[in-house]
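Listed below, chain by chain, are the residues.
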Amino acid sequence: MRGADRKRAEVLRMMLDPVRPDVPADVVRRATERGARLLRRRRTARRVLWTLLIVALVVFGVWASAAHPWSVPPAETTPPLEDW
């Protein structure tokens, strides 16, 4: 047999007689449980982040309404009084 024919025969044998690994019987159940667990974690993380964002916005709003950061601060010193 030439090299090309031998390679073709080997590829054909591999395609016709594939090696299939043993799969555990409970693989579907475990995958489903893992997927549900990941979804719960993501949903919880998303809720926590949204809650933190809302709390931060409320705190900023309360601070801004009390501190008025947009207004000009009063002058610390007064100009000297001359020629009175």
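Before reading on, note that the structure itself is shown above.
Residues numbered from 1 in each chain as written. Predicted model: local features only at pLDDT ≥ 70, side-chain atom pairs only at ≥ 80, totals over all residues. Heavy atoms only, no water.

Draft legend 1. Representation of the overall build of the protein chain in the model. When you go through the protein chain residue by residue, the secondary structure sums to two helices and zero strands. Dimensions of the protein chain, computed from C-alpha atoms along their principal axes, come out at roughly 120 × 40 × 10 Å. Entry remark: accessible area of the protein chain is about 8,800 Å², with carbon and sulfur atoms responsible for 64%. In the protein chain, 16 positive and 9 negative side-chain charges are present, and the distance between their average locations comes to 19 Å. (Helix = DSSP H or I, 4+ residues; strand = E, 2+ residues; numbered from the N terminus. Areas by Shrake-Rupley, 256 points an atom, 1.4 Å probe, with all protein chains shown as cover. Lys, Arg positive; Asp, Glu negative; His and termini not counted. Charge placed at Lys NZ, Arg CZ, Asp CG, Glu CD.)

Draft legend 2. Layout of helix α1 (residues 3-16). A rise of 1.5 Å per residue sets the reference length of α1, with its 14 residues, at 20 Å; its end C-alpha atoms lie 20 Å apart and thus fit the reference within 8%. Along α1, only zero of the 14 residues are buried, which leaves the element largely exposed. (Expected span 1.5 Å × (residues − 1). Buried < 20%, exposed > 50% of the residue type's maximum accessible area, 1.4 Å probe, protein only.)

Draft legend 3. Here's a closer look at the pattern of salt bridges. If you walk through the whole model with that rule in mind, you get three salt bridges. In this structure, arginine 29 and aspartate 26 form a salt bridge, with 2.9 Å as the shortest nitrogen-oxygen distance. Taking the shortest distance from any N to any O, the salt bridge between glutamate 33 and arginine 29 comes out at 3.1 Å. Note that glutamate 33 and arginine 29 are positioned in helix α2 (residues 27-67) at a spacing of four residues, about one turn of the helix. (Salt bridge = Lys/Arg side-chain N within 4 Å of Asp/Glu carboxyl O.)

Draft legend 4. Local environment of the packing of aromatic side chains. With the rule as written, the count across this model stands at one aromatic pair. Consider the rings of phenylalanine 60 and tryptophan 63, whose centres lie 5.8 Å apart with planes at 40°: the pair is tilted. One end of the pair is phenylalanine 60 and the other is tryptophan 63, both in helix α2 and three residues apart, which spans about a single turn. (Phe/Tyr/Trp six-rings, centres within 6.5 Å; stacked < 30°, edge-to-face > 60°.)

Draft legend 5. Examining a positive patch on the surface more closely. Taken together, the side chains of Arg34, Arg37, Arg40, Arg41, Arg42, Arg43, Arg46 and Arg47 define a basic patch exposed on the protein surface. Structurally, the position occupied by arginine 47 is in helix α2. (Patch = residues over 30% accessible without salt bridge, like charges linked within 9 Å, V, L, I, M, F, W, Y side chains within 5 Å.)

Draft legend 6. Local environment of α2. Between its first and last C-alpha atoms α2 spans 59 Å; for 41 residues at 1.5 Å apiece the expected length is 60 Å, and the two agree. Just downstream of α2 lies histidine 68, where phi reads positive at about 50°.

Draft legend 7. How the structure looks around unusual backbone geometry. In this structure, histidine 68 is a non-glycine residue whose phi angle is positive, near 50°. Tracing the backbone through its elements, the reader meets histidine 68 in the segment after α2.

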